[in-house]
Protein chains: 2
Amino acid sequence: MTLRRPTIGVFDSGFGGLTVLKVLLEIIPDADYIYFGDTARLPYGSKSVDTVARYAVEAAHYLESHGAELLVIACNTATALAFDQITAAARVPVIGVVDPGAEAAASVSKNKRIVVVGTEATVASHAYRKALESRGLAAREKACPLLVPLVEEGWIEHAVTEEIVRIYLCEAFADGFHDADVLVLGCTHYPLLKPVLRRVAPAHVTIVDSAESTARAVAGRIGKLLNRGENAQEERRSLPRLKFFATDSVDKFRRLGERFLGHPIEKVQHVDLKE
Amino acid sequence: MTLRRPTIGVFDSGFGGLTVLKVLLEIIPDADYIYFGDTARLPYGSKSVDTVARYAVEAAHYLESHGAELLVIACNTATALAFDQITAAARVPVIGVVDPGAEAAASVSKNKRIVVVGTEATVASHAYRKALESRGLAAREKACPLLVPLVEEGWIEHAVTEEIVRIYLCEAFADGFHDADVLVLGCTHYPLLKPVLRRVAPAHVTIVDSAESTARAVAGRIGKLLNRGENAQEERRSLPRLKFFATDSVDKFRRLGERFLGHPIEKVQHVDLKE
């Protein structure tokens with residue numbers, strides 16, 4: 001019996017998707033990974049449906065052409081705006097971040113009232129609200145456009161960040177959502193802000209990290225591709241193969257990416273999608 | 001004698017260049033304008049030289065092909081990183097924002113010590129430092145990556161914005177630059193923050209708005225294209241013709257752009273540079 005190590009393609013507009021990859025590496029170490037960060041065109045969060053869909057489909061094709069057998073759209077904006085277009089364009093299975101996040105929220109909420117924080121574009125798409133309402137939950141979505149720049153500035157534990165989070169959450173939990181008992185992190189940058197979000201959010205609130213939920217959904221799906229066998233020559237290679245592609249500076253990707261992935265990044269290859 | 005209304009092409013990664021256009025409209029009303037905002041790929045401020053140069057040259061060609069007789073690079077990042085490439089690629093004269101800003105700073109500074117605030121990429125290029133040092137001035141450059149997102153969030157007069165500006169300026173005016181007497185706004189978003197910058201900057205500091213300095217440099221250059229005559233049939237058309245191109249959503253351009261331009265924006269045309 002041969003052992004198959006599947007190749008999982010992970011896509012994001014930039015660095016945030018590395019928080020998904022981080023969890024994937026922990027829970028599915030017996031796969032290889034290729035990651036595509038569209039850093040020359042980030043952020044997607046403030047852009048229109050048409051533009052985001054075009055970019056995301058290009059990225060999906062790029063990952064497929066490099067051997068991805070499963071695509072993880074590790075970007076809330078791309079999932080929220082273009083999941084159907086990506087699925088239609090791809091030849092391999094596609095998993096986005098919205099459904100796993102909504103599913104996790106549904107499973108932990110007692111009073112069925114959820115607050116979702118995300119980028120401007122994710123919130124405007126109402127993808128989370130639709131996914132939550134279809135599961136019988138009420139949702140308040142709140143755009144927090146300053147949080148991504150704060151994370152990228154490295155102000156993870158800064159008084160200003162805490163103040164901005166307080167302003168955003170105060171608005172999010174107002175007007176009928178005081179009793180919401182789940183906060184969904186609808187942007188893959190936000191896991192880096194979990195400590196401050198935990199301090200500021202009401203004590204009764206459970207935080208659902210859609211990056212984590214998505215990795216677990218991938219683990220469920222990937223079982224079919226994994227084929228653990230006796231002939232374990234491959235098995236001895238304990239670490240997954242990792243390859244990174246970025247459309248802007250590879251140096252910057254390496255430098256900033258480490259903060260999201262939690263360990264050093266090697267082998268970043270520059271991609272020019274116009275070539 | 002015929003009257004010539006020259007067409008001036010103004011280019012920015014997004015909305016900031018509209019602060020330059022605003023001053024141009026005030027001081028050169030007898031020209032027509034075409035504005036190109038590369039909103040599908042903004043911001044440039046966090047991207048690499050190669051990527052910014054490629055984008056900027058594409059935008060320059062687009063404006064030339066639509067009749068621009070003079071190009072204004074109303075974006076500090078594009079000027080700082082790619083002025084030479086744009087000038088080499090263009091067939092018409094090109095004016096950037098860095099030299100006019102440096103010139104204005106040199107003319108008002110008494111002690112020849114200047115603080116420049118801008119995006120990460122503008123600061124990393126040291127374009128302002130080089131332009132100021134060549135005029136015999138010492139420069140401290142300070143990247144302020146949160147200011148553009150704050151302006152776009154609309155938090156112009158917000159306590160958090162004032163606090164962030166205080167942190168940035170405190171670092172900028174430290175270590176030998178306490179006595180700097182000019183603050184150059186090296187990003188075309190920053191004119192919207194002038195009131196808060198004025199409150200926070202040391203009282204003896206003069207603020208130089210590179211958007212304003214650039215418009216004045218254009219006025220000096222454009223004299224040759226303008227040909228005021230007796231036969232003033234055209235002259236009766238008191239308002240300049242304005243045309244806007246944007247690579248992302250035209251609705252968003254209209255909505256957000258008004259904040260920068262200070263009056264309503266009509267006639268925005270979507271451009272797909274890959275077409």
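Computed from a predicted model, the values in this text were never measured in an experiment.

## Observations concerning the relation of the copies chain B and chain A
Copy one and copy two of the chain differ by a rotation about an axis and a translation along that axis.
Working step 1: Of the transformation superimposing chain B on chain A, the axial component is 0.0 Å and the angular component is 180°, with the fit at an RMSD of 0.0 Å. Both copies of the chain, as the preceding transformation shows, are related through a two-fold rotation axis. Identified as the residue of chain B closest to the rotation axis by C-alpha distance is B:Arg41, at 2.4 Å.
Working step 2: The fraction of interface residues of chain B whose copies in chain A are also interface residues reaches 94%, indicating that both copies meet through the same surface.

## A closer look at the interface of chain B and chain A
Working step 1: Taken residue by residue, the interface counts 17 residues in chain B and 16 residues in chain A.
Working step 2: Put simply, the parts of the chain that give the side of chain B that touches chain A at least two residues each are helix H7 (147-153) and helix H8 (159-172) of chain B.
Working step 3: Looking at the side of chain B that touches chain A, the element that brings in the most residues is H7(B), giving 4 residues.

## Focus on helix H10 (residues 210-222) of chain B
Working step 1: Taking 1.5 Å as the rise per residue, H10(B) with 13 residues should run 18 Å; its terminal C-alpha atoms sit 18 Å apart, in good agreement.
Working step 2: Looking only at H10(B), the buried set comprises B:Ser210, B:Ala211, B:Glu212, B:Ser213, B:Thr214, B:Ala215, B:Ala217, B:Val218 and B:Ile222.

## Some words on unusual backbone geometry
Residue and element names in this part refer to chain A.
Working step 1: Geometrically, the link from Leu-42 to Pro-43 is a cis peptide bond, its omega value of -10° lying close to zero.
Working step 2: For Lys-112, which is not a glycine, the phi torsion comes out positive at approximately 60°.
Working step 3: Examined against the element boundaries, Lys-112 turns out to sit in the loop between helix H4 (98-108) and strand S5 (113-118).
Working step 4: Looking at Lys-112, the number of C-beta atoms within 10 Å reads 16, which means it is partly exposed.

## Here we look at the sheet that holds strand S10 (residues 268-270) of chain A
All names here are of chain A.
Working step 1: The sheet built from 6 strands is open, its strands ordered S4-S3-S1-S2-S9-S10 with parallel pairing. Unpaired on one side and paired on the other, strand S4 (94-95) and S10 mark the two borders of the sheet.
Working step 2: Here helix H3 (residues 76-89) sits on the sheet in contact with strand S3 (70-73) and S4, set at roughly 155° to S3.
Working step 3: Against the sheet, helix H11 (residues 250-261) engages strand S2 (32-37), strand S9 (242-246) and S10, with an angle of about 145° to S10.

## Thoughts on the domain arrangement of chain A
Interfaces are often sized by the amount of accessible area the parts lose when they come together.
Residues and elements named next belong to chain A.
Working step 1: Here chain A is partitioned into domain 1 (7-96 + 214-270) and domain 2 (98-210).
Working step 2: Look at where the C-alpha atoms of domain 1 and domain 2 centre, and you get two points 23 Å apart.
Working step 3: On the domain 2 side, the residues contacting the 24 residues of domain 1 number 20 residues.
Working step 4: The set of elements that each furnish at least two residues to the side of domain 1 that touches domain 2 consists of helix H1 (18-27), H3, helix H10 (210-222) and H11.
Working step 5: Top contributing element to the side of domain 1 that touches domain 2 by residue count: H3, with 5 residues.
Working step 6: Looking at the side of domain 1 that touches domain 2 residue by residue, the classes come out as 11 nonpolar, 10 polar and 3 charged.

## Digging into the packing of H1(A) against H10(A)
Helices that pack against each other are described as a pair by the angle of their axes relative to one another and the distance between those axes.
All names here are of chain A.
Working step 1: Relative orientation of the contacting elements H1 and H10 amounts to 45°, with a least axis distance of 8 Å. On the basis of the axis angle, H1 is oblique to H10. The two elements H1 and H10 cross, and the hand of that crossing is right-handed. Between H1, through Thr-19, Val-20, Val-23, Leu-24 and Ile-27, and H10, the contact on the second element is made entirely by Ala-211, Glu-212, Thr-214, Ala-215, Arg-216, Val-218 and Ala-219.
Working step 2: Taken together, the residues of the contact of H1 with H10 sort by class into 8 nonpolar, 2 polar and 2 charged.

## So, the sheet that holds strand S9 (residues 242-246) of chain B
Residues and elements named next belong to chain B.
Working step 1: Strands sit in the order S4-S3-S1-S2-S9-S10 across an open sheet of 6 strands; the sheet is parallel. The outermost strands of the open sheet, each flanked by one partner alone, are strand S4 (94-95) and strand S10 (268-270).
Working step 2: Where strand S1 (residues 7-12) and strand S3 (residues 70-73) come together, 4 bridges link them in parallel fashion. When the bridges of S3 are listed, Phe-11 appears paired with Ile-73.
Working step 3: Packing against the sheet, helix H1 (residues 17-27) makes contact with S1, strand S2 (32-37) and S3, and its axis sits at approximately 155° to S1.

## Side note on the packing of helix H2 (residues 49-65) of chain A against H3(A)
Residues and elements named next belong to chain A.
Working step 1: Two numbers describe how H2 lies on H3: the axes approach to 8 Å, and their chain directions differ by 55°. Taken together, the axes of H2 and H3 lie oblique to each other. As for how H2 packs across H3, the hand of that crossing is right-handed. For the pair H2 and H3, contact is made by Val-49, Val-52, Ala-53, Ala-56, Val-57, Ala-60 and His-61 and by Thr-77, Ala-78, Leu-81, Ala-82, Gln-85, Ile-86 and Ala-89, respectively.
Working step 2: A breakdown of the residues in the contact of H2 with H3 according to their chemical character gives 11 nonpolar, 3 polar and no charged.

Cut-offs applied
- Residues numbered from 1 in each chain as written.
- Chains lettered and ligands numbered in written order.
- Predicted model: local features only at pLDDT ≥ 70, side-chain atom pairs only at ≥ 80, totals over all residues.
- Least-squares fit on C-alpha atoms with pLDDT ≥ 70 in both.
- Contact = placed C-beta atoms within 7 Å.
- Helix = DSSP H or I, 4+ residues; strand = E, 2+ residues; numbered from the N terminus.
- Expected span 1.5 Å × (residues − 1).
- Buried ≥ 20, exposed ≤ 12 C-beta atoms within 10 Å, placed from the backbone.
- Pairing = 2+ DSSP bridges.
- Axes fitted to C-alpha atoms, helices over the stretch in contact; angles between N-to-C directions.
- Domains from an automatic or database assignment.
- Nonpolar A, V, L, I, M, F, W, Y, C, P; charged D, E, K, R; others polar.
- Parallel < 35°, antiparallel > 145°, perpendicular 65-115°, else oblique.
- Left-handed = near helix turned anticlockwise from the far one by under 90°.

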